[in-house]
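Structural overview for review
Here are the chains, one letter per residue:
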Amino acid sequence: MDKKKVLVGMSGGVDSSAAALILKEQGYEVCGCTLRLYDNSVLGEGYAEGGCCSLSDVDDARSVCRKIGIDHVTLNFTDDFAKYVMKPFADSYINGETPNPCIECNKYMKFGTMLRRAELLGFDYIATGHYADVCYDDNRGRWLLKRSSDPRKDQTYVLYCMTQHQLEHTLFPLYGMEKTDVRRLAEKHGLVNSHKPDSQDICFVPDGDYVSFIERYTGYKPVSGEYVFSDGKRAGEHSGIINYTIGQRKGLGVTFGKPVFVTDKDPLSNTVTLGDEAELFHRTLFLRNFNLIIADKLSEPMRVTAKSRYSAKEQSALLYPAENGIVRIEFDDPVRAPAKGQACVVYDGDIVVGGGVIARV
């Protein structure tokens, strides 16, 4: 049998480098691929060495490929990245939401545009350094997404949008490994990034100042408006809704002799609602753009666990079939500070049932 060809998405970090190395050792014909997703000139001065996919990251990925003896290519996807990730990120914040651009990047870029390009170039699979697994279920007749064996590194939350075709043609070589194993493997083979720190920031906002990014990128200027309480009573003036996140307590610029939190944002009235911490808790979420992985459709309510944001604690819930394109999920116990625009990802044990974007609470 001819060697299967794999195009490995390499960000310059140790995880994707180890993934390429493992696949080569397993006998695949491997080529490393770094995506050029944005122009530094668009983002402003000082962004060349920011988050993942910076210029130095490209050099690291190329160096690793030379070291392990595989080819390396750089693909320019700047137009698609601006259209599907950067602009929707900015628009979502302006519309009062709290988006997760890494999910959109995975959906449209890594497992969308990169996979299509790989197929055009004759590759059988793409691969990444995500901590997750793909398996085929004979009983269901479907490809499934399975969470990592190391719950501390599980990244299925940002992969819930994957389709059957994408799952069938994707490899996750790091499944079953812990981060210390990955670094040890990279160090053993003398990879330049074996001890490189993980990127923690949004790649196109490496300084974490998303408000300044939105102003530079779109020309949008925050407009001050009113703080209000849930009963409509005025509570002062805010500096623009994109400056606030659901659950925020500090930096509000107003005091009331007790802790208050941001509980809602309304871009139409340009108001930010404040309230007690108890007002942050909700049991019912309504999800749009729900991607169901385990079946073509859900015919009856299903007992699941779910996370309403990446760092949230997983909680028991009941998932209901979609009605008019919207999926309802009811948690057994209220979840803290679910935010419109964030993803809610649903699990059945180690299997990802699916997920969607929080439309309202």
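Shown above is the structure to which this text applies.
Going along each chain's sequence as written, the residues are numbered from 1 onward. Under the rules for a predicted model, residues below a pLDDT of 70 receive no local features and side-chain atom pairs below 80 are neither given nor counted, while totals for whole chains, interfaces and linings still include all residues. With hydrogens and water excluded, all non-hydrogen atoms of the structure serve as input to the side-chain values.

**As for the packing of helix α1 (residues 14-25) against helix α7 (residues 179-188)**
Where we set the bar: Orientation is described by lines fitted to C-alpha atoms, with helices fitted over the stretch in contact, and by angles between N-to-C directions that extend from 0 to 180 degrees. A run of H or I in DSSP becomes a helix once it reaches four residues, and a run of E becomes a strand once it reaches two; helices and strands are each numbered from the N terminus. Our angle categories are set so that under 35 degrees counts as roughly parallel, over 145 as roughly antiparallel, 65 to 115 as roughly perpendicular, and the remainder as oblique. Crossing handedness follows the turn of the near helix against the far one: under a right angle anticlockwise gives a left-handed crossing, and clockwise gives a right-handed one. Pairs of residues are marked as contacts when any of their non-hydrogen atoms sit within 4.5 Å. We call Asp, Glu, Lys and Arg charged. Ala, Val, Leu, Ile, Met, Phe, Trp, Tyr, Cys and Pro are nonpolar, and the rest, Gly among them, are polar.
Closest axis-to-axis distance for the α1/α7 pair is 9 Å, and the angle between their directions is 65 degrees. In terms of their interaxial angle, α1 and α7 are classed as roughly perpendicular. By crossing handedness, the relation of α1 to α7 is classed as left-handed. Between α1 and α7, the residues in contact are Val14, Asp15, Ala18, Leu21 and Ile22 and Lys179, Val182, Arg183, Leu185 and Ala186, respectively. Split by residue class, the contact of α1 with α7 holds 7 nonpolar, no polar and 3 charged.

**Observations regarding the pattern of salt bridges**
The test is simple: The salt bridge definition used is simple: a Lys or Arg side-chain nitrogen within 4 Å of an Asp or Glu carboxyl oxygen.
What the rule picks out here adds up to 21 salt bridges. Here Asp350 makes a salt bridge to Arg147, at a shortest N to O gap of 3.5 Å. One end of the pair, Asp350, is in the loop between β16 (343-348) and β17 (351-360); the other, Arg147, is in strand β6 (residues 142-147), with 203 residues separating them in the sequence.

**Side note on the side chain of Lys265**
Spelled out, the test is: Each residue is assigned to one of three classes by its accessible area relative to the maximum for its type, calculated with a 1.4 Å probe on protein chains only: buried under 20%, partly exposed between the two thresholds, exposed over 50%. When charges are counted, neither His nor the chain ends are considered; positive counts come from Lys and Arg and negative counts from Asp and Glu. Polar contact is defined as a pair of N or O atoms within 3.5 Å, subject to the rule that within protein one atom must be able to donate a hydrogen and the other to accept it, and that residues adjacent in sequence are counted only when both atoms are side-chain atoms.
You can see Lys265 is positioned in strand β10 (residues 261-266). Look at Lys265: it is buried, it has no salt bridge, and the nearest opposite charge is Asp264 at 8.2 Å. Within the structure, the side chain of Lys265 is placed 2.7 Å from the backbone oxygen of Tyr244, a separation counted as a polar contact. Leave out the neighbours within four places in its chain, and Lys265 touches Gly96, Glu97, Thr98, Ile241, Tyr244, Thr245, Ile246, Thr271 and Lys340.

**Examining the sheet that holds strand β3 (residues 71-76)**
The condition that has to hold: Only strands joined by at least two bridges in the DSSP assignment are considered to pair.
Across the sheet, which stays open at both edges, the 5 strands sit in the order β3-β2-β1-β4-β7 with parallel pairing between neighbours. Because the sheet does not close on itself, it has two edges, and the strands there are β3 and β7 (170-171). Across 5 bridges, strand β1 (residues 5-9) lies against strand β2 (residues 29-36) in parallel orientation. The partner of Val8 across the bridge, within β2, is Gly32. Running over the sheet, α1 touches β1, β2, β4 (125-127) and β7 and is turned about 165 degrees from β1.

**With respect to the state of the cysteines**
Stated precisely, the cut-off is as follows: In this description, a disulfide is simply a cysteine sulfur pair whose atoms lie within 2.5 Å.
All told, the structure shown has 0 disulfides when counted by the stated rule. As a non-bridged cysteine, Cys31 has Cys65 as the owner of its nearest cysteine sulfur, 7.0 Å distant. When its relative accessible area of 10% is taken as the criterion, Cys31 is described as buried.

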